[in-house]
Structures are given as C-alpha cells and as structure tokens.
Amino acid sequence: MTDIQTAKQHLSGHSLCLCKDGTILTDDGKGISPMMKLIAAGKNLNGYAAADLIVGKAAAMLFVKAGIACVHGNTMSQSGHAFLEAHHIPHTYDVLTDRIVNRTGTDICPMEQTVAELDDPNDGYAALKTRIETMRHGAAS
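For clarity, every value in this text was computed on a predicted model and none was experimentally measured.

### Notes on the packing of helix H2 (residues 33-40) against helix H3 (residues 57-66)
The contact between H2 and H3 brings their axes to 10 Å, and the two run at 25 degrees. Classed by the angle they form, the pair H2 and H3 counts as roughly parallel. Once H2 is placed against H3, the crossing between them reads as left-handed. Residue-level inspection shows Met 35, Met 36 and Ile 39 of H2 in contact with H3, the latter providing Leu 62, Phe 63, Lys 65 and Ala 66. Partitioning the contact of H2 with H3 into residue classes produces 6 nonpolar, no polar and 1 charged.

### With respect to the layout of surface pockets
Of the voids in this model, the largest pocket is the one considered here, and its volume is about 810 Å³. Surrounding the largest pocket, 31 residues form its lining, Lys 30, Gly 31, Ile 32, Arg 103 and Met 111 being those nearest its centre. Sorting the residues of the lining of the largest pocket by element identifies H2, strand E3 (49-55), H3, helix H5 (110-115) and helix H6 (121-140) as the ones contributing at least two each. Take the lining of the largest pocket: its biggest share by element is 7 residues, from H6. Grouping the constituent residues of the lining of the largest pocket by class yields 16 nonpolar, 6 polar and 9 charged.

### Observations concerning the pairing of strand E5 (residues 91-97)
Pairing geometry for strand E4 (residues 70-77) and E5, over 6 bridges, is parallel. The residue bridging Ser 77 from the neighbouring strand is Thr 97, located in E5. A crossover links E4 with its parallel partner E5, the connecting element being helix H4 (residues 78-86), and its sense is right-handed.

### Let's talk about the pairing of strand E1 (residues 16-20)
The buried fraction of E1 is high, at 4 of 5 residues. Here E1 pairs with strand E2 (residues 23-27) via 5 bridges, running antiparallel. By the bridge assignment, Lys 20 is partnered in E2 with Thr 23. Two strands pair when backbone bridges link them, and E1 and E3 are joined in this way by 4 bridges, in the antiparallel orientation. Note that in E3 the partner of Leu 16 across the bridge is Asp 52.

### Topic: the environment of Leu 118
In this structure, Leu 118 sits in the loop between H5 and H6. Each C-alpha atom, one on Leu 118 and one on Ala 58, is 9.7 Å from the other, the two residues being 60 residues apart in sequence. When residues no more than four places from it in sequence are discounted, the contact partners of Leu 118 are Lys 57, Met 61, Asp 123, Gly 124 and Ala 127.

### Let's talk about the packing of H3 against H4
One can describe the packing of H3 onto H4 by two numbers: an axis separation of 7 Å at closest approach and a directional angle of 20 degrees. The pairing of H3 with H4 is recorded here as roughly parallel in orientation. The way H3 lies across H4 gives a crossing that is right-handed. For the pair formed by H3 and H4, the contact residues are Lys 57, Ala 60, Met 61 and Val 64 on the first element and Ser 79, Gly 80, Phe 83 and Leu 84 on the second. Its residues assigned to classes, the contact of H3 with H4 shows 5 nonpolar, 2 polar and 1 charged.

### Some thoughts on empty space enclosed by the protein
Applying the stated criterion across every chain yields a total of 1 cavity of 30 Å³ or more. Approximately 50 Å³ is the volume found for the largest cavity. For the largest cavity, the full set of lining residues is Ser 15, Leu 16, Gly 31, Ile 32, Pro 34, Met 35, Asp 52, Ala 59 and Leu 62. For the lining of the largest cavity, the secondary structure elements donating two or more residues are H2 and H3. Looking at side-chain class alone, the lining of the largest cavity contains 6 nonpolar, 2 polar and 1 charged residues.

Each value, and the rule that gives it
- Residues numbered from 1 in each chain as written.
- Predicted model: local features only at pLDDT ≥ 70, side-chain atom pairs only at ≥ 80, totals over all residues.
- Heavy atoms only, no water.
- Axes fitted to C-alpha atoms, helices over the stretch in contact; angles between N-to-C directions.
- Helix = DSSP H or I, 4+ residues; strand = E, 2+ residues; numbered from the N terminus.
- Parallel < 35°, antiparallel > 145°, perpendicular 65-115°, else oblique.
- Left-handed = near helix turned anticlockwise from the far one by under 90°.
- Contact = heavy atoms within 4.5 Å.
- Nonpolar A, V, L, I, M, F, W, Y, C, P; charged D, E, K, R; others polar.
- 1 Å grid on protein atoms, 1.4 Å probe; cavity = no way out; pocket = protein on both sides within 12 Å on 5 of 7 lines; lining within 4 Å.
- Points joined across faces, edges and corners; volume = space filled by probe spheres on them.
- Pairing = 2+ DSSP bridges.
- Right-handed = clockwise from strand over helix to strand, strands pointing away.
- Buried < 20%, exposed > 50% of the residue type's maximum accessible area, 1.4 Å probe, protein only.

If you want it as structure tokens, here you go:
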C-alpha cells in the first residue's frame, strides 16, 4: 500500500492524516489548524502523503511549505487544485468545488480570503498566522 493510500484509509474519523514509510500522524483539529500546529512546531513533514477533509488554497499552501509529497482531499477547491498543480504536487479529490465556504455557509472561508492574492507558501503561512491571531483576539474581546 502506498503512503497516500494509507493516509486516505486512516483519515476516517479525523480531519487530517499524514503518512510516510509506515509513520501515521492524525489530527482532529478544525480547518488548517493541524497543519499550522505542525509547521509551527518545526515538524519535518518532507515527503509525507496527506489526506485531508477539505483542501482549499490555504491548506495547499501549507502542504507545499511543509514539503508534502502528494495530497488527497475529500473536497478540494479549484484554487487548491490549481496551487498544487502549479507546484507539481500529485493530488486527487473526491469532490472538486468552486470555493471553500466559512463554517456558517454564508461567505468564502476567511483563510481562503487571506491567501487569495498570494502565491508564495511562506507569505501564505505568515498571513494565515496573522489572520488566526487576529481572529482569536477578536473572539476573546
């Protein structure tokens, strides 16, 4: 079984599953938080396969930044697909959608809005980190 097949198999019940050479990492966090935590912790994810529930451009940028080798998204946006394609990351999806919406279904996901005009994964990560901190402080007040 390939790493991506293993990651897809172990995604059930989780929001993210990463696999490389028999090592399996899962996370149940919402949105991009699992990848943000792993990157912030300095975890070496180079060469891992990733299976994720939802892959938009924000998630795709984080996968590229982390050196993920291939990606499967249960749902993938057109912009996530295009970003992975532009970075030559093999990827598959079950559903391809025009855009990723926010949790209330009323607008585009704020993380997607944050990276919409960005092309560099490092810039994307920095912008996402700032946006998350801003949202947390706004929720706390």
